[in-house]
Structure formats: C-alpha cells, structure tokens
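Descriptive analysis of the structure
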Amino acid sequence: MSLLIKNGEIVTADSRYSADIFCENETITQIGQNLSAPAGTEVIDAKGKYVFPGFIDPHVHIYLPFMGTFSKDTYVSGSQAALVGGTTTLIEMCCPSRKDDALASFELWMSQAVGKSACDFSFHMGVTKFDAGTPSQLKEIVQRGISSFKIFLAYKGAFGIDDTELYRTLQLARELGVVVTAHCENETLVAERCKELLAAGKTDPGQHHTSRPPAVEAEGVHHLMTFAELTGAAVYIVHLSCKEALDQAVAARQRGVRVGVETLIQYLTLDKTYAERPKFEGAKYVMSPPLRDARNQPVLWAGLRDGLINTVATDHAPFDFKKQKPMGKHDFTKIPNGIPSLEERVNLLYTHGVATGRIDLHTFVAVGSTNVAKQFDLFPQKGTIQLGADADLVVFDPKYRGKISVKTQHMAVDYSAFEGWPLQGRPSVVTVRGQVAARDGKFVGTLGRGRFLNRTPTHY
Ligand code: URP
Ligand code: ZN
Ligand code: ZN
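Residues numbered from 1 in each chain as written. Chains lettered and ligands numbered in written order. Predicted model: local features only at pLDDT ≥ 70, side-chain atom pairs only at ≥ 80, totals over all residues. Heavy atoms only, no water.

All right, on to the pairing of strand 12 (residues 179–183) then. With five of its five residues buried, strand 12 lies for the most part within the structure. With burial as the criterion, each face of strand 12 is covered, one bearing Val 179, Thr 181 and His 183 and the other bearing Val 180 and Ala 182. Sheet topology places strand 11 (residues 148–152) next to strand 12; five bridges connect them, and they run parallel. Along strand 12, the bridge assignment pairs Ile 151 with Ala 182. In this fold, the crossover linking strand 11 to strand 12 by way of helix 4 (residues 163–176) has right-handed handedness. Judged from the three bridges that link them, strand 12 and strand 13 (residues 235–237) form a sheet pairing that is parallel. Along strand 13, the bridge assignment pairs Ala 182 with Ile 237. (Buried < 20%, exposed > 50% of the residue type's maximum accessible area, 1.4 Å probe, protein only. Helix = DSSP H or I, 4+ residues; strand = E, 2+ residues; numbered from the N terminus. Pairing = 2+ DSSP bridges. Right-handed = clockwise from strand over helix to strand, strands pointing away.)

Rendered as structure tokens:
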C-alpha cells in the first residue's frame, strides 16, 4: 500500500519547503513537486497544512507499578492517545523494583507492548540495583536493542540507587556506549523533609513542593554531573523543572560533561499553584520534581530556544483522580506521582510555544522529535523527513481550534490536567510507517502493528 501526501509545507528541524511526499514499503521514497500516484495509492491533500516528522516522546510510563498501585494506561489506550496527539514513537521507562532482575523485567515490559501497541516503541532500561548479576544482564539487554539506561536518584527504598551503584552503572554505560537517563533529586533531603512536614501536620498536596524545592533537584543534578565527569559516561537529565537545576547542567557541560536535558510540557505550562488547589484538587498536579514557581517558565522556554534544553517529554504517568490519588488524602507522600499528558504534548507545545512566538517551528520539531531521535540512536530512521526514513508523518492543521477535555481523550485516566484549555492547531492526519493511524482526533490505526525499535549504542 502506498501513500501520497500532496501540497503540504514540510517542516523539519532545519528546513521548510513545499513538496509532495510519496511513501512505499513503510518508508519515504520520493519527495518532490507534482508527484503522481500509482493506482491504489492513498492520497492526502495537505494544502494549507504543515507536514512534520512523527513526534517522539522520550519519557513515558505505560506499565508502571508505583507507590502501591499501577498506572492506568496500557499500550492499547496509550498508543492510541499518542497517535491521536501526533506522537508516533514512545520510549518507555522499564522500571523494575529492587527485588526484580533486569532481564526478566525487560521481558515483562516488552510483553506489555508487543502485539498491542499501534505505534513504534523502545525502552530505557531501569537500573534499580547493581549487584553481581547486573552487568551480564544489562549487556544482554543492550544486545537485544536497548541503548539507554534509566536511574533514579530519588524514591528511596523503591527505585533509588546508592552512590556505589550509580558509579558502577555509569562505568558500565561508558564501556557499552549507552546513555544513562536520570531522575535527579536528592533522596535523603526529600525523605527527611517529608518526615518533618508530616510530623508538623502538614499533609495536603501543596506540601509536595515544600518537601522537594529547587535546591533538592539542583543538588541531584550536581551529584549526577560529578559522577558523569569522573566516569566519562554520557548522561541525560529527565524532567528538569527549574532554573537552579538547569544552571548545574549548563555548568557541567562547560566542564565537558556529555549531558542532554529534557523538560516536560507540564513544567512549561503549569505552575505550583495548581498543586495548591483546595479540596484535594491539587493532587491531580502532584508529580516529581514538583510543578515550580511560574518564574521558571520563561527560563525553560529560553532554554529550548537557545539549545540548552534539548527535548520536551511528558513523563506520562496516569493515575485516576477518584480512586488512586486519594491514597494520599491524609498524607501527601502517598499521592501517586504523575500528571497524564501523552495525548496533549505536541498540541500544547504548538499552542503555547509556536503560536505564542516563544519557539519557532524548527525548534518545535527539534525538541519534540529530531533531538530525541538523535539522543537515543533512532536518527535518521525516525525524527526527520528524508528519503529512506520511516514514513512517520504528521499533517498538522494550524487553523484548528478546540478545547482539551477528559470526555474526548484516549488516555485511560479519569481526568485531564488541562480540562477546558484551548488549542490552536492539531494533527489532522498521523501516519506510522506509511499507514494512516489517526485522523482529526480519532484513532484509525492498527493495534499490534507497532514495532520494537532496535537501537545500537553510540555514546562511547
Ligand atoms: O511524578 C512522576 N514523575 N512520576 C513518574 C515517575 C518518575 O519519577 O518519572
Ligand atoms: Zn522521574
Ligand atoms: Zn518518569
């Protein structure tokens, strides 16, 4: 089955021009003017629309056993939500508990996606302990197509690793050419501050920020930077939320540390007052690191514009407001952390970034797709529009106007953190390897067609 997208304005990270795109055998085979369509070709008229490379979310949780419960999406709901929102590739965090072995966990996470996902996918392999058996298992996982690890400097007693484990993980990553993604918060500071707040009777969701202020995150980043500097490993800071943490990453870069920086659409658009909303409403907005003071938002937008911040992810971690967030009704430390946003990342980034003039179209494509593909060894198969690349394309209608609502979302969670927010523009057609998978807010793809993306490490 072939596909022809006609009359669109193609926008990549570094080019913008009008042309037709012809796709066959899952890839882009021709780009040019007035291309013809052989019999049987599906033709899409993209006049007045942009054509972007499929967007890639580098940080999602679909299957996540966490804080005594499980995140709500499956690859059936999650991949549909992703595609409707213009995301054609997911990189999920595989997060074993400390008692589980890496290899068995990798196979478990893989089994959640294979045969169910409608979009392509990969995993960052979580290293939540480092014992005698760990190196051989991680080497085997890298052989099977994984080129990035994930570590947590937070979540003491759950996913968090100690400094010896951190050092050994980075050494191994350096040897294997694997990039290590990291959640950076000082877990001891968090644990002690949580105890103090609870002892003082401060239990509401708004206390979450007090328990982990910017200095806690900046210390986590500084800590990782020191270990990266001494081991020479390539690292990537996930969900960076504030100026103090960014300053640490930039200073380390100047010392020669190889560090990528990710922020989230939530930090760019929401601030800590949301988590302070009364009557437990704030629980919808509890995540880690927490939503910050709004003065950080211009710093993050400028960081994207200037290339200090490389990617925008979601850290999609959906927990129901009615049944799961109330686990922390009387103790904010028990509120399952996460703000669902997989479906809305691209649209919010366009509405609040491009349409407001904070970032240009090329930066939009770069931080939502191209830089992710480059950072995680998927480029140029993914992340751009060129001959031979996978035909993952987003025909985007900048004239669309609508509103976000839980009533129309595909994510399997009972609220939207952005309920009623207006959108300017959305994908009108989304393709995965040449097959139309979403049209105007509706999923029309094939569950189970999504493919595991075999990645080869390059970060030597
Ligand atoms: O609050 C968050 N970020 N939830 C998901 C787990 C993580 O830390 O990435
Ligand atoms: Zn995290
Ligand atoms: Zn996460």
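With that settled, the discussion passes to the coordination of the zinc ion (ligand 3). Here the zinc ion (ligand 3) is held by the protein donor atoms His 59 (NE2), His 61 (NE2) and Asp 315 (OD), which lie 2.0 to 2.1 Å from it. Here the zinc ion (ligand 3) is ringed by four donor atoms whose angles at the metal span 86 to 135°, and the overall shape comes out tetrahedral. Written as a sequence motif, the donor residues of the zinc ion (ligand 3) are H-x1-H-x253-D. (Donors = N, O, S within 2.8 Å, 3.2 Å for Na, K, Ca; no water. Tetrahedral: all angles 85-135°; square planar, octahedral: opposite > 155°, others 65-115°.)

For the rest of this paragraph, the subject is the coordination of the zinc ion (ligand 2). Protein coordination at the zinc ion (ligand 2): the donors are His 183 (ND1) and His 239 (NE2), at 2.1 Å from the metal. Taken together, the four donor atoms surrounding the zinc ion (ligand 2) define angles of 56 to 148° at the centre, an arrangement classified as irregular. If you look at the zinc ion (ligand 2) and the zinc ion (ligand 3), they sit 3.8 Å from each other. Residue His 183 is found in strand 12, and its partner His 239 is found in the loop between strand 13 and helix 8 (243–254); the two are separated by 56 residues along the sequence.

On to the site of ligand 1, then. In the neighbourhood of ligand 1, the contacting residues comprise His 59, His 61, Tyr 155, His 183, His 239, Met 287, Ser 288, Asp 315, Ala 317, Asn 337 and Gly 338. Here an oxygen atom of ligand 1 sits 3.0 Å away from a polar atom, N or O, in the side chain of His 183. Here a nitrogen atom of ligand 1 and a backbone polar atom of Asn 337 are 3.2 Å apart. Across the complex, the protein chains shield 100% of the 260 Å² of accessible surface that ligand 1 would expose by itself. Counting atoms within 2 Å of the grid points, the majority share of ligand 1 lands in the largest cavity. Of the residues belonging to the shell around ligand 1, the class tally is three nonpolar, seven polar and one charged. (Near = heavy atom within 4 Å. Polar contact = N/O pair within 3.5 Å; in protein donor to acceptor, adjacent residues only side chain to side chain. Areas by Shrake-Rupley, 256 points an atom, 1.4 Å probe, with all protein chains shown as cover. 1 Å grid on protein atoms, 1.4 Å probe; cavity = no way out; pocket = protein on both sides within 12 Å on 5 of 7 lines; lining within 4 Å. Sits in = over half its atoms within 2 Å of the grid points. Nonpolar A, V, L, I, M, F, W, Y, C, P; charged D, E, K, R; others polar.)

The sheet contact formed by strand 1 (residues 3–11) and strand 2 (residues 16–24) spans seven bridges and is antiparallel. Following the sheet pairing, Gly 8 is matched in strand 2 by Ala 19. Between the end of strand 1 and the start of strand 2, which pair antiparallel, lie four residues. Sheet topology places strand 2 next to strand 3 (residues 27–32); five bridges connect them, and they run antiparallel. If you follow Glu 24 over to strand 3, its bridge partner there is Thr 27.

Quantified by volume, the largest pocket comes out at close to 360 Å³. Contributing to the lining of the largest pocket are 18 residues, with Met 67, Tyr 155, Lys 156, Arg 212 and Thr 333 lying nearest its centre. Every element with two or more residues in the lining of the largest pocket is listed here: strand 7 (65–66) and helix 5 (187–199). With four residues, the top contributor of residues to the lining of the largest pocket is helix 5. Broken down by class, the residue content of the lining of the largest pocket amounts to eleven nonpolar, four polar and three charged. Size it by volume and the second largest pocket reaches roughly 290 Å³. (Points joined across faces, edges and corners; volume = space filled by probe spheres on them.)

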